[in-house]
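# Tertiary structure, described
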Amino acid sequence: MPPGRRAVRTGPFIPPLLLIPLIAYNFFAFLFMGGSPAGWKLELLTVPMVSGVPWTLTAGDLMLVVGLVCLFFEVLKSTNTGRNSVIEHMLSVVVFVIFLVEFLLVGAAASSVFFILMVMALVDVTAGFTVSITGAGRDVSMS
């Protein structure tokens with residue numbers, strides 16, 4: 001390899017992971033919650049804390065945790081500068097557009113849970129392009 005050049009890491013193609021919370025949200029919202037966004041307030045778990053105040057985990061909270069885990073792995077994926085990264089970034093944009101259109105047009109998506117998942121998709125798109133552009137700038141060598 002010529003001096004001053006970094007190796008381009010290529011890896012397997014991995015579809016956008018934020019599809020997982022998008023599909024899960026729609027699955028639960030339409031099948032179990034009757035299309036009502038109020039169902040995300042369902043209490044799943046209550047744990048008594050040492051302070052004496054109970055901590056409650058709702059369905060919406062759990063969905064946001066799933067979204068954050070997916071976002072973490074998406075940001076890790078964005079550091080890959082292989083050939084598949086451009087396609088993965090384009091698909092991340094498509095996922096964000098799906099989130100946006102659904103948020104604006106579908107009543108079941110009119111919840112703060114869905115809005116925060118949509119913001120996660122926007123952060124994924126922004127981080128992916130930012131990391132790629134920054135990495136590409138470092139790959140350019142001046143001779």
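### With respect to the overall build of the protein
Scanning the protein from terminus to terminus reveals four helices and two strands. Reading the helices (α) and strands (β) of the protein from amino to carboxyl end gives α-β-β-α-α-α. For the protein, restricting intrachain contacts to residue pairs at least 6 apart in sequence, the fraction spanning at least 24 positions comes to 68%. Of the roughly 8800 Å² of accessible surface on the protein, a fraction of 75% belongs to carbon and sulfur atoms.

### Observations concerning helix 2 (residues 59–77)
Counted at 1.5 Å a residue, the expected span for helix 2 with its 19 residues is 27 Å, and the 27 Å between its end C-alpha atoms agrees. For helix 2, the set of buried residues is Ala59, Gly60, Met63, Leu64, Gly67, Cys70, Leu71, Glu74 and Lys77. When helix 2 is viewed along its axis, its buried side chains cluster within an angular range of 125° and face the same direction.

### Quick notes on the side chain of Glu102
As for its placement among the helices and strands, Glu102 is situated in helix 3 (residues 84–105). Lys41 is the oppositely charged side chain nearest to the buried, salt-bridge-free Glu102, at an N-O distance of 18 Å. Those residues in contact with Glu102, other than ones at most four positions away along the chain, are Leu22, Asn26, Phe30, Ala109 and Phe114.

### A word on the nonpolar core
In this structure, Leu18, Tyr25, Trp40, Phe99, Val113, Phe114 and Leu117 are the most contacted members of the largest nonpolar core, which totals 24 residues. For this core, the secondary-structure elements that each account for two or more residues are helix 1 (19–31), helix 2, helix 3 and helix 4 (112–139). The dominant element in this core, judged by the number of residues it contributes, is helix 4, at seven residues.

### Thoughts on the packing of helix 1 against helix 2
Put simply, helix 1 and helix 2 touch, their axes get as near as 9 Å, and they point 160° apart. Relative to helix 2, helix 1 is oriented roughly antiparallel. Between helix 1 and helix 2 lies a crossing of right-handed hand. For the pair helix 1 and helix 2, contact is made by Ile20, Pro21, Ala24, Tyr25 and Phe28 and by Met63, Val66, Gly67 and Cys70, respectively.

### Quick word on the pattern of salt bridges
Oppositely charged side chains can form a pair if their charged atoms are brought close together. This structure, assessed with the given rule, holds one salt bridge. Between Lys77 and Glu74 there is a salt bridge, and its shortest N-O distance comes to 3.0 Å. Of the two residues, Lys77 and Glu74 both sit in helix 2, three residues apart, roughly one turn of that helix. Looking at Glu74, the relative accessible area reads 3%, which means it is buried.

Conventions and cut-offs
Residues numbered from 1 in each chain as written. Predicted model: local features only at pLDDT ≥ 70, side-chain atom pairs only at ≥ 80, totals over all residues. Heavy atoms only, no water. Helix = DSSP H or I, 4+ residues; strand = E, 2+ residues; numbered from the N terminus. Contact = heavy atoms within 4.5 Å. Areas by Shrake-Rupley, 256 points an atom, 1.4 Å probe, with all protein chains shown as cover. Expected span 1.5 Å × (residues − 1). Buried < 20%, exposed > 50% of the residue type's maximum accessible area, 1.4 Å probe, protein only. Arc of directions from axis to C-beta. Lys, Arg positive; Asp, Glu negative; His and termini not counted. Salt bridge = Lys/Arg side-chain N within 4 Å of Asp/Glu carboxyl O. Core = buried A, V, L, I, M, F, W, Y, C linked by side-chain atoms within 4.5 Å. Axes fitted to C-alpha atoms, helices over the stretch in contact; angles between N-to-C directions. Parallel < 35°, antiparallel > 145°, perpendicular 65-115°, else oblique. Left-handed = near helix turned anticlockwise from the far one by under 90°.

These values are about where atoms sit, not about what they do.
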